[in-house]
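# Tertiary structure, described
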Amino acid sequence: MIQRIDVSSRFSEVAVFNGVAYLAGQVPTDASQDAYRQTQQVLGEIDRFLEKANSDKSRILMATVYLANMGDYAEMNRAWDEWVAPNQAPPRAAIEARLADPNWKVEIVVTAAVNG
């Protein structure tokens, strides 16, 4: 059975199937901030949705980071390094991409194992 969390008419924030949570791309809640703060916001959203899916950041299986400008890579990494679970850093890719809102500097997609 597929469980969907925070479903809108367009998409679900999370789908859980066979013990894996698939999160939609998470974006900043305040796009006026710099790359570091936007990344902190996105990681906070990831924490929130992982909790709703009965998971947490130590159970992330894969992360994909989309940056509007690779010049923000160091600031994104600074926020990521402060956030990632100790000794549990997941496989990750970072890609430069044009994001849906030109004010967004970062969008992150993760998949994670769920508890139990």
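Here is what the cut-offs are and how they apply
- Going along each chain's sequence as written, the residues are numbered from 1 onward.
- Local features are withheld for residues below a pLDDT of 70 in this predicted model, meaning they are given only at 70 or higher, and side-chain atom pairs are given and counted only at 80 or more; totals for whole chains, interfaces and linings count all residues.
- Each side-chain value is derived from all of the structure's non-hydrogen atoms; neither hydrogens nor water enter the calculation.
- Helix and strand assignments follow DSSP, with helices taken as H or I runs no shorter than four residues and strands as E runs no shorter than two, numbered in order from the N terminus.
- Each radius of gyration reported is based on C-alpha atoms, and the globular scaling rule is 2.2 Å times the count of residues to the power 0.38.
- We call a residue buried when its accessible area falls under 20% of the maximum for its residue type, exposed when it is over 50%, and partly exposed in between, using a 1.4 Å probe and counting protein chains only.
- Here the accessible surface of atoms and residues is derived via Shrake-Rupley with a 1.4 Å probe, and residues count as covered only by protein chains that are part of the display.
- Counted as positive: Lys and Arg. Counted as negative: Asp and Glu, with His and the chain ends omitted from the count.
- A charge is said to be at NZ when it belongs to Lys, at CZ for Arg, at CG for Asp and at CD for Glu.
- The patches reported here contain residues having more than 30% relative accessible area and no salt bridge. Joining distances are 9 Å for like charges and 5 Å for nonpolar side chains (Val, Leu, Ile, Met, Phe, Trp, Tyr).
- Any Lys or Arg side-chain nitrogen located within 4 Å of an Asp or Glu carboxyl oxygen qualifies as a salt bridge.

The chain goes by RidA family protein in an unreviewed UniProt entry, where it is assigned to Haemophilus sputorum.

Before going further, it helps to examine the overall build of the chain. On a plain count of helices and strands, the chain comes out with two helices and six strands. Secondary structure elements in the chain, listed N-terminal to C-terminal, are β-β-β-α-β-α-β-β. Scaling as 2.2 N^0.38, a compact globule of 116 residues should have a C-alpha radius of gyration of about 13 Å, and the chain matches this with 14 Å. The C-alpha extent of the chain, read off along each of the three principal axes, is 40 × 40 × 20 Å. Counting every position in the chain, which comprises 116 residues, the buried fraction comes to 42%. On the chain, roughly 6500 Å² of surface is accessible, and the fraction owed to carbon and sulfur atoms is 47%. Taking the average place of the 11 positive charges on the side chains of the chain and the average place of its 15 negative ones, the gap between the two points comes to 4 Å.

On to a nonpolar patch on the surface. A contiguous nonpolar surface patch, about 280 Å² in accessible area, is contributed by I2, F17 and Y22. Secondary-structure assignment places F17 in strand β2 (residues 12-17). Given a relative accessible area of 38%, F17 falls into the partly exposed group.

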